[in-house]
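Residue-level listing of the chains:
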Amino acid sequence: MSKKRQKRKVIKENLFNKRRLIILNEDTFEETFSLKLTLMNVFVVATLGAIIITIVTTFIIAFTPLREFIPGYSSSKLKRDALELALKSDSLSKALQRNEAYIQSIQKVLTGELEYAKFNKDSILSAADEVVPQVNLSASKQEMELRKQVAVEDKNAVSNAAKRRSENPK
């Protein structure tokens, strides 16, 4: 135990003993600058300096256009342009589908596969649009029975929890 105390005492003395930093002019050995320091002061100043440099670097990267040079980050203008291009390509693909359906209809009329009286531009364009099939979303008998069973179990669980709380007040 005494060895540990001695080690702690030696470390404490080394950390808090004052030392002098002197900068000399090498030609004349004249003292240019001197400073009294302890090791603890040096550690504290170095740690604070590292923390300040890290914070300043983080703020520079986060709030300036420099972040665009980091892989994984993209500019807001680039994201906005990509969204606009995606919307335009979607509308162009729909227009292309309509035009292809219209041209195929005209080809059928010209080759005689379709009578002219049956040809209607609006019906062709509406046929080119994709139709979403209707889905039956009503619950089946089995699902209704399961819902009733779960509701009864939930009701029982809530009433049991209320009983336990009333029996064991805190």
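Predicted model, so just to flag it, every value in this text is computed and none were measured. Throughout this description, residue numbers start from 1 for each chain and increase along the sequence as written. Side-chain atom pairs in this predicted model are given and counted only at pLDDT of 80 or more, local residue features only at pLDDT of at least 70, and totals for whole chains, interfaces and linings cover all residues. With hydrogens and water set aside, each side-chain value is computed from the structure's full complement of heavy atoms.

## Focus on the packing of aromatic side chains
Only centres within 6.5 Å qualify two rings of Phe, Tyr or Trp (six-membered ring in Trp) as a pair; their planes then separate them into stacked at under 30 degrees, edge-to-face at over 60, and tilted for everything else. Using the criterion set out here, one finds one aromatic pair in the structure. Note on F59 and F63: the rings are 5.6 Å apart at their centroids and 15° apart in plane angle, and the pair reads as stacked. Remark: F63 and F59 occur in helix α2 (residues 39-63); sequence separation between them is four residues, near one turn of the helix. In this description a helix means any DSSP run of H or I spanning at least four residues, a strand means any run of E spanning at least two, and both kinds are numbered starting from the N terminus.

## Things to note about the pattern of salt bridges
Salt bridge, as used here, is a side-chain nitrogen of Lys or Arg placed within 4 Å of a carboxyl oxygen of Asp or Glu. All told, the structure shown has two salt bridges when counted by the stated rule. The residue D81 makes a salt bridge to K77 at a minimum N-O spacing of 3.1 Å. Placement of the pair is D81 and K77 together in helix α3 (residues 76-111), with a separation of four residues, close to one helical turn. Judged by its relative accessible area of 28%, D81 falls in the partly exposed class. We call a residue buried when its accessible area falls under 20% of the maximum for its residue type, exposed when it is over 50%, and partly exposed in between, using a 1.4 Å probe and counting protein chains only.

## Concerning the confidence of the model for the protein chain
Every residue carries a pLDDT, the predictor's confidence in it, which falls somewhere between 0 and 100. Averaged over all residues, the pLDDT of the protein chain equals 83, while 86% of them reach at least 70. At the level of individual helices and strands, the protein chain shows its lowest average pLDDT in helix α4 (residues 121-128), which scores 61, and its highest in α2, which scores 94.

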